[in-house]
Amino acid sequence: MIIWVNGAFGSGKTTLVDEVRGRLPEALVFDPEEVGFLLRRVVPEPSGDFQDLPLWRRQVVSLAAGLAAEYGRPVLVPMTLVRPAYLAEVFGGLAAAGVPARHFFLRVPDEVLVARIDGRSFFPDDPARDEKVRAWCRSRIAECRAAEAAMPPETAFLDGGLTPAQLADLLLADVAL
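Criteria and thresholds
Residues numbered from 1 in each chain as written. Predicted model: local features only at pLDDT ≥ 70, side-chain atom pairs only at ≥ 80, totals over all residues. Heavy atoms only, no water. Helix = DSSP H or I, 4+ residues; strand = E, 2+ residues; numbered from the N terminus. Rg over C-alpha atoms; globule rule 2.2 N^0.38 Å. Buried < 20%, exposed > 50% of the residue type's maximum accessible area, 1.4 Å probe, protein only. Contact = heavy atoms within 4.5 Å. Areas by Shrake-Rupley, 256 points an atom, 1.4 Å probe, with all protein chains shown as cover. Lys, Arg positive; Asp, Glu negative; His and termini not counted. Charge placed at Lys NZ, Arg CZ, Asp CG, Glu CD. Core = buried A, V, L, I, M, F, W, Y, C linked by side-chain atoms within 4.5 Å.

Novice: Mind showing me how you'd approach the overall build of the chain here?
Specialist: A tally of helices and strands in the chain yields eight helices and five strands. Going residue by residue from the N terminus, the α and β elements of the chain occur as β-α-β-α-α-β-α-β-α-α-α-β-α. A compact globule built from 177 residues would reach a C-alpha radius of gyration of about 16 Å, and the chain, at 16 Å, matches this within 12%. The buried share of the chain, reckoned over its 177 residues, is 43%. Expressed as a percentage of contacts within the chain between residues at least 6 apart in sequence, the contacts between residues at least 24 apart total 78%. Put simply, the chain shows about 8800 Å² of open surface, and 58% of that area lies on carbon and sulfur atoms. Positive and negative charge centroids in the chain, built from 19 and 24 side chains respectively, lie 2 Å apart.

Right, here's the structure in full:
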């Protein structure tokens, strides 16, 4: 089973996945950003967002489905994925591969997202690059918030204001693993 934790940048996806992983030690954690980072080193990324590369979306489906099938363990995926066509492509690909997937979306107020993003350091030795990444994350908040209304109907929405432990309780009760 794929357990996809979605939400805006700074919503707590990775923190929640870490909490769930602590309770499900057999689970695998797959971060699709790593696929994007690899592709970014190999091919041009004209839009500035590796999710716009069709190869990224295909590889994410292939790797997630492959991990679930090969190892027979839950696969935890912390990844912002908000464009409806990309959601349909990824979750449709998982369904076509016969891999059950459960989709969660963390709802967090804008001011909390901004505070979390501004409190993060991505490149401590490169302040200019650090700020560029934070600015990009902040620039995506409106898109992520607007996408909440377009999430697939089976999406489980979680209150990102809850503690990671409370969120993990809700997520695990939902998937009944």
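Read on for the rest.
Novice: Help me understand the nonpolar core, please; the structure alone is not making it clear to me.
Specialist: Counting 36 residues, the largest nonpolar core has Ile2, Trp4, Trp56, Leu81 and Leu94 as its most contacted members. If you list the elements that add at least two residues to this core, you get β1 (2–7), α2 (32–42), α3 (54–71), β3 (75–78), α4 (84–96), α5 (110–118) and α7 (141–147). Counting residues per element, this core draws most heavily on α3, at six residues. Grouped together as the second largest cluster of nonpolar side chains are 17 residues, Ile3, Ala156, Ala168 and Leu171 included.

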